Amino acid sequence: MNATATEIASLLFTSNGHIVAATGTTTTPDIVAREGHRDALTITQHPVETGASITDHAFKMPAEVRLEYGFSNSSIQALGSDFDSFSLTDLVDGNLGEGFVKEIYAQLLALQSARTLCQVVTSKRLYKNMLIASIETETTAETAYAMHVSVICQEVIIVGTRSLSPSISDQSDPSSTAATANSGQQQLSEVSNQTSVAAQDPSS
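Residues numbered from 1 in each chain as written. Predicted model: local features only at pLDDT ≥ 70, side-chain atom pairs only at ≥ 80, totals over all residues. Heavy atoms only, no water.

Draft legend 1. Representation of the pairing of strand S9 (residues 146-155) within the structure. Judged from the nine bridges that link them, strand S6 (residues 64-72) and S9 form a sheet pairing that is antiparallel. The residue of S9 that forms the bridge with Phe 71 is Met 147. Strand direction decides the pairing type here: strand S8 (residues 126-137) and S9, joined by seven bridges, are antiparallel. From the neighbouring strand, Ser 134 faces S9, where its bridge partner is Ile 152. (Pairing = 2+ DSSP bridges. Helix = DSSP H or I, 4+ residues; strand = E, 2+ residues; numbered from the N terminus.)

Draft legend 2. Broad picture of unusual backbone geometry. A positive phi angle, close to 55 degrees, is found at Arg 115, a residue other than glycine. Among the structural elements, Arg 115 can be located in the loop between helix H4 (100-113) and strand S7 (118-121). Arg 115 sits in the exposed class, given a relative accessible area of 61%. (Buried < 20%, exposed > 50% of the residue type's maximum accessible area, 1.4 Å probe, protein only.)

Draft legend 3. Summary view of the environment of Glu 138. If you trace the backbone, Glu 138 turns up in the loop between S8 and S9. Sequence separation of Glu 138 and Ser 150 is twelve residues, and the distance between their C-alpha atoms is 9.8 Å. Residues in contact with Glu 138, not counting those within four places in the same chain, are Thr 143 and His 148. (Contact = heavy atoms within 4.5 Å.)

Encoded structure:
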């Protein structure tokens, strides 16, 4: 995998994994509980002829990564998200960051719903062109102000396509199937001394 200096720096100097959407939205967890990486190869079940190219009988499946993230309304990140509306009453009542977990959950759902391509940074590798395939979380009485969420991201393999026409020598009827060729500017010329031949009746 070819990585730019920015991508390498992201892996080296980021303490937590995170999800960066193509729109610029970044989702950074308070804690990374677990990362699960899955790379699979689909291999033919049929016999392969001796000498055949093995690569013609197996193909790489899109990469998947399972992220288990933790977020809390009492984290530094949550407090920072509400810094603009900070008040002494909030501090006394312990109401800082109350909406943080809900905002993160809504943010993940929005990325999934919009099918937004994301870049996923983990401790092991950098994933590009990923979509959020599933989001799972549950709330209990003990976790009402926190969220443990499991996010599965799957790679979208993006390729380029182009159309090619066979060479004229390989075509049975080039006049009908060959591509139009540019022969430059053409001019009509007058033909003089035309001779007309009349059809004669064989019985005459």
